[in-house]
Amino acid sequence: MECTARTVVSVVIPCYFSEATIAKVVHQTRDELVKKFFDYEFILVNDGSTDRTFQEIETLCREDHKVVGIDFAKNSGQHSAIIAGLNYASGDLIMVMDDDLQTHPSQCLKLIEAMDGGYDVVFACYPEHKEAWWRRLGSLFTVWSMRVLTQRPKGIAASSFFVMRKYIAEEIIRYRGPYVYIQGLIFRSTWNIGNVEVRHFERESGRSGYTFKTLLRLWSTVLGFSLLPLRLCSAIGMLMGGGGIVGAIFLVVQRLLNEDMQLGWSSLMVAVLICSGAIMVFMGLIGEYLGRLFMTINNAPQYVKKTLIDERVHEGAGE
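Residues numbered from 1 in each chain as written. Predicted model: local features only at pLDDT ≥ 70, side-chain atom pairs only at ≥ 80, totals over all residues. Heavy atoms only, no water.

Section: unusual backbone geometry
Right, on to step 1. Notably, Phe17 is not glycine yet its phi reads approximately 50 degrees, a positive angle.
Right, on to step 2. If you trace the backbone, Phe17 turns up in the loop between β1 (8–15) and α1 (22–35). (Helix = DSSP H or I, 4+ residues; strand = E, 2+ residues; numbered from the N terminus.)

Set out below in structure tokens:
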């Protein structure tokens, strides 16, 4: 399907302490879409902000009935907010962007136009990032590890600014687990993915809600999309066991050849500590998998919706 003037673009925006920017994001994005004669709708998800973010969303909903507002009862994370928005997106294309004007509305048409290449998903990529060095370093590690763990196609950069086709969104919202990782859900749905370079803007106000702890928690969601860590633990365990057997044989041979050889207590303790530490790490990893399985079976929610404002006149939207 080519992008035409009749194409409906659903814009999903997770919002977190964005009272100063969300109206600008909506107005500027709408202007860009209307300029190219696209029809549009906005799904704005307030992810537990305690400032006036949802009041701003309510105002936008009153001004334009094509704006849908969702308010969470508590903070559930950016990816849970995205999947909540996808449940109410009815457009031919769904565009996901941030609320801070770093993923700038002036760049959105580049992503939409790139969909004419026949891609299922197009991610924005940035020649230059406007973020702290430790975030860039963490991003490089995340890109490498996620490529290995989620089998991301080579040469594809993922970001929080992307466009997907409706049938990909419909596949994503079938996921009901409590640990949501949108990119992982995309990569298991399609490999027909493209990139387009866009400019990364400075944050207009406030600061990122991500801390090292929350980024680490987000990265750990990959455990729901890959068994590679468990297989890696098994491989390391077999290597350590094999090394122990080889070492034991070597010590027996040495002892037979030299009865005066002293057996070292220090080396024994080092071996015990290394093996014990490895065992505890592996048990912890297995426990993490089991805990996530328990939370999934226990129907832990992805998010808790407190308020919904949806005054669109057409049918077909909703969970």
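Brief notes about the side chain of Asp64
Right, on to step 1. With respect to the helices and strands, the residue Asp64 is situated in the loop between α2 (53–63) and β3 (67–72).
Right, on to step 2. Here Asp64 is in contact with Arg30 and Tyr40, once residues within four sequence places are set aside. (Contact = heavy atoms within 4.5 Å.)

A few points about the pattern of salt bridges
Right, on to step 1. If you walk through the whole model with that rule in mind, you get 8 salt bridges.
Right, on to step 2. Between Asp64 and Arg30 there is a salt bridge; the shortest N-O distance is 2.9 Å. Separated by 34 residues along the polypeptide, Asp64 in the loop between α2 and β3 and Arg30 in helix α1 bring together distant segments of the chain. With respect to burial, Asp64 and Arg30 carry one shared label: buried.
Right, on to step 3. Lys66 is paired through a salt bridge with Asp39; the nearest N and O atoms lie 2.7 Å apart. (Salt bridge = Lys/Arg side-chain N within 4 Å of Asp/Glu carboxyl O. Buried < 20%, exposed > 50% of the residue type's maximum accessible area, 1.4 Å probe, protein only.)

Observations concerning the nonpolar core
Looking at soluble globular proteins, one finds that nonpolar side chains tend to be buried together.
Right, on to step 1. Ile13, Leu44 and Phe161 are the most contacted members of the largest nonpolar core, which has 36 residues in total.
Right, on to step 2. Looking at this core, the elements with two or more residues in it are β1, α1, β2 (39–46), α2, β4 (93–96), α4 (108–114) and β5 (121–125).
Right, on to step 3. The next biggest cluster of nonpolar side chains, apart from the first, holds 32 residues, and it includes Val68, Ile94, Val180 and Ile186. (Core = buried A, V, L, I, M, F, W, Y, C linked by side-chain atoms within 4.5 Å.)

A look at the sheet that holds strand β6 (residues 162–165)
Right, on to step 1. The 8 strands lie next to each other as β7-β5-β6-β4-β1-β2-β3-β8, forming an open sheet whose pairing is mixed. Each edge of the sheet is formed by a strand with only one pairing partner; in this case those strands are β7 (193–197) and β8 (305–309). Between one strand and the next, the sheet's axes are offset by a mean angle of 20 degrees, whatever the strand orientation.
Right, on to step 2. Here 8 bridges tie β1 to β2, and the two strands are oriented parallel to one another. Among the inter-strand pairings, Ser10 is bridged to a residue of β2, identified as Glu41. (Pairing = 2+ DSSP bridges. Axes fitted to C-alpha atoms, helices over the stretch in contact; angles between N-to-C directions.)

What to know about α1
Right, on to step 1. Given a rise of 1.5 Å per residue, 14 residues ought to cover 20 Å, and the 20 Å separating the end C-alpha atoms of α1 matches this to within 8%.
Right, on to step 2. Every buried residue of α1 is accounted for by Ile22, Ala23, Val25, Val26, Thr29, Arg30, Glu32 and Leu33.
Right, on to step 3. Positive phi shows up at Phe37, right after α1, with a value of about 65 degrees. (Expected span 1.5 Å × (residues − 1).)

What about the side chain of Ser10?
Right, on to step 1. Summarising the element assignment, Ser10 is placed in strand β1.
Right, on to step 2. For Ser10, a relative accessible area of 0% puts it in the buried group.
Right, on to step 3. Only 2.7 Å separates the side chain of Ser10 from the backbone nitrogen of Gly91, close enough to count as a polar contact. (Polar contact = N/O pair within 3.5 Å; in protein donor to acceptor, adjacent residues only side chain to side chain.)

With respect to the packing of aromatic side chains
Right, on to step 1. Taken as a whole and judged by the stated rule, the model has 5 aromatic pairs.
Right, on to step 2. With a centroid separation of 5.0 Å and an interplanar angle of 5 degrees, the aromatic rings of Phe72 and Tyr303 are classed as stacked. Here the residue Phe72 occupies a position in strand β3, and Tyr303 occupies one in the loop between α10 (265–297) and β8, the gap between them amounting to 231 residues. Residue Phe72 shares its accessibility class with Tyr303, and that shared class is buried.
Right, on to step 3. Counting every residue linked through ring pairs, the aromatic cluster contains Phe123, Phe162 and Phe187.
Right, on to step 4. One residue, Lys66, lies across the ring of Tyr40, its end atom 4.8 Å from the ring centre. (Phe/Tyr/Trp six-rings, centres within 6.5 Å; stacked < 30°, edge-to-face > 60°. Lys NZ or Arg CZ within 6 Å of the ring centre and 35° of its normal.)

Section: the environment of Asp64
Right, on to step 1. Among the residues examined, Asp64 registers a relative accessible area of 11% and is labelled buried.
Right, on to step 2. Put simply, Asp64 and Glu311 are 247 residues apart on the chain and 9.0 Å apart in space, counted from C-alpha to C-alpha.

Things to note about the pairing of β4
Right, on to step 1. Alternating residues of β4 divide into Leu93 and Met95 and Ile94 and Val96, and every residue in both groups is buried.
Right, on to step 2. Taken together, the 4 bridges between β1 and β4 define a ladder with parallel strand orientation. Within β4, the position partnered with Val11 by the bridge is Met95.
Right, on to step 3. Both β4 and β6 contribute to a ladder of 4 bridges, which runs antiparallel. Along β6, the bridge assignment pairs Val96 with Phe162.

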